[in-house]
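Geometric and topological summary
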Amino acid sequence: MYLNLCLSALQNEKYFQGIRAAVSRVKARGEKVIVLDIGTGTGLLSMMAVTAGADYCYAVEVFKPMADAAFRIVKKNGFSDKIKIINKHSTEVTVGLDGDMQTRANVLVTELFDTELIGEGALPSYEHAHLNLVQEGCEAVPHRATVYAQLVESEQLWSWAQLQPMEVDGCKLLPPPAVSHCAGAHSVCDIQLSQVSPHRFTPLGPLCTMFSVDFSKPVSSAPQSHSSSFPAQSSGRAQVVLSWWDIDMDPSGSIVCSMAPSWTYPDPQSAPWRDHWMQSVYFLPVERRVAEGEELSLTVSHDDYSLWYSLQPDGQQGTLSEAPPCRPCCVCQAHLVWTRTRFGELNDRQRTQSYVRALRSVVKPDSVCVGVSDGSLLPVFAHMLGAKKVFSLESSGMLKQVIEQVLNANSMSGGVQILGIRPDQLSSTDLAGEQISVLIGEPYFSTSLLPWHSLYFWYCRTALVRLLTPNATILPCSATLCMVAVEFQDLWRIRAPCGTCEGFDVGPMDEMVQQSLDFRESHESEPQPLWEYPCRALTQPRAVMTFDFLQCVPEQPIRCQGSLPFTRRGRCHGVALWMEYQLNDDIKVSMGLTRPVSEEGACEWSLHRKQGVYFFRSPWESSGDGRASVSYSFTFEPSIGDIKMDFTVASQ
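- As annotated in an unreviewed UniProt entry, the protein carries the name Protein arginine N-methyltransferase and comes from Salmo trutta.
- Under the UniProt heading Catalytic activity (unreviewed entry), the entry covering the protein gives this text: "L-arginyl-[protein] + S-adenosyl-L-methionine = N(omega)-methyl-L-arginyl-[protein] + S-adenosyl-L-homocysteine + H(+)".
- According to its UniProt record, the protein has this under Sequence similarities (unreviewed entry): "Belongs to the class I-like SAM-binding methyltransferase superfamily. Protein arginine N-methyltransferase family. PRMT7 subfamily."

See the structure below:
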């Protein structure tokens, strides 16, 4: 996968403008222009600086393969006499006659940012550079960064942070108090906020300017906090903070690169696509009701690598504290073992009801149920539906404790026996001499990366065959691998060659990336949350391979092949793949498409699971007349539990 080593065209343009302006300001002072480029990557920013008139550039890159590529790119573009590639971390760079740099720089150029702005160590790097590598009063590109935030209420986003009460056959399943009152994990949730509709949240306050960092002056990485006060715009539940940042490339603020989501633009279609720099969602430590007009103070705190937010009843604009509010810390363990998307999946009412209806059809008063999934509530549901005995296999001690908390909070202690063993270790003794009449799974396993990795459930079912009754129910009873050929709106960019950037040939970078993609494992799918990356279906979706859980895993490979005709006009970038699970004869749950593809080809994807994406080496132009098709070949290898695949596109 391309790591955005060449910035987007708009970002490149903004950087070039900022570098030209900075070089001009130094030359206007009658000084030679010495540039320090920290985290040079391809060397692109250094080449921009030389083209703008810089006398010399020191380009620092710690990752050796990247530094080697930068060396080749700089040489290919004819800048070897003006740019020195230094393969070190910037904190190891020396200055002096025998040092890496002959003299301190008077222009500092960097691209050290991530979605959270400071998560890649920007503050310590700037701090060290100002102390050791650049002159006092240097020009910095970017010149300044500003962080913005907005307090909102959002049922969708909050469902990623806290377990909600659930309805199971007329009874309420309540979350444990320890989970409900837990501040959760402090780490940022970075997403394509442009894909979260404004209808999905209610602003409780204005967009606040939280703090700025001037990179041309000494920077501190010491912990700090900043507050912004405002009256609540409406009554509601303060739950979530939406945050992003922008950078000014010059002191006047006339060259700005903003990370704001598309719905903040007058014309959302004009918003640039971003993948390396997205937007952030932060969850408040506790949900809090606020009244319209109430004075609130939103505080952002940061150390040298991360941010977190808190809300107070009142406060003063722009206050600075030496001791920031404590960083949120999970004490309930649920936030350590359940990802945010897993919280969202557990809180999905429609999904829960599908599983409850399926369980209701198979769980009887004499049922002995065994659950095989990581941190699943299905065994709890089976107990609530009246099963005689319920067991849950949990490989993680922390997950075991979290499910026990759920049972204790609902006065069901002992209702589910949680066994910390693998399926192949389970014995009749562990089941108190019983045999399994209902084997249940979502399936969900925290180690799964690609959709079909959850076929591990099939292996668990096979390992338990000796303990199953002859007519045991397996839920789900089967799984289906599905595919559709798609045109991505923007995701294709992560695999697109850089080629020429702002007039500079970065072909050696493309060659290095292509060599890595030529390994067999890189020919296969990669996991992507497709709800964040709009695409159009250019073929009809198709179920291409079914796995029968009523039977054991076969010893021989399972193969299938076929072709899908293109039925819509567009540029096909690859294939999207996902799993669907047949719970019983009537109920199916999809981990991919959540509704039929629209007539125009629009796809709506599950928010809770990542789908697989197989990128073609080059896109295919589809006329949509059905004369061209995608041919596919799949092989499920039981020995490794993985699926090998191959695709070709051809016209009739």
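Structure's up, so let's keep going.
**Side note on the nonpolar core**
- Judged by nonpolar contacts, the single largest core of 126 residues is most densely connected at L36, Y309 and W605.
- Of all the elements, strand β13 (residues 236-248) adds the most residues to this core, at seven residues.
- Among all residues touching Y309, those that are not within four sequence positions of it are V147, Y148, A149, M210, V241, S243, Y282, L284, P285, L298, T299 and V300.
- One finds M166, L346, L475 and A479 within the second-largest nonpolar core, a separate group that totals 93 residues.

**Remarks on the domain arrangement of the protein**
- Along its sequence, the protein is organised into domain 1 (1-144), domain 2 (145-317 + 324-336), domain 3 (340-475) and domain 4 (478-489 + 534-651).
- Domain 1 and domain 4 are separated by 44 Å when their C-alpha centres are compared.

**Comments concerning unusual backbone geometry**
- Each neighbour pair has its own omega, and for V141 with P142 the value is 0°, a cis peptide bond.
- If you trace the backbone, P142 turns up in the loop between β5 (134-141) and β6 (144-153).
- Cis geometry marks the peptide bond from E442 to P443; its omega dihedral reads -15°.
- Note that P443 resides in the loop between β22 (436-440) and α12 (456-463).
- Although it is not a glycine, Q333 sits at a positive phi angle of roughly 80°.
- Within the secondary structure, Q333 sits in the loop between β18 (320-321) and α7 (334-337).
- Accessibility expressed as a relative area gives 18% for Q333, which makes it buried.

Conventions used here
Residues numbered from 1 in each chain as written. Predicted model: local features only at pLDDT ≥ 70, side-chain atom pairs only at ≥ 80, totals over all residues. Heavy atoms only, no water. UniProt positions renumbered as here; feature names shortened; annotations may be inferred. Core = buried A, V, L, I, M, F, W, Y, C linked by side-chain atoms within 4.5 Å. Buried < 20%, exposed > 50% of the residue type's maximum accessible area, 1.4 Å probe, protein only. Helix = DSSP H or I, 4+ residues; strand = E, 2+ residues; numbered from the N terminus. Contact = heavy atoms within 4.5 Å. Domains from an automatic or database assignment.

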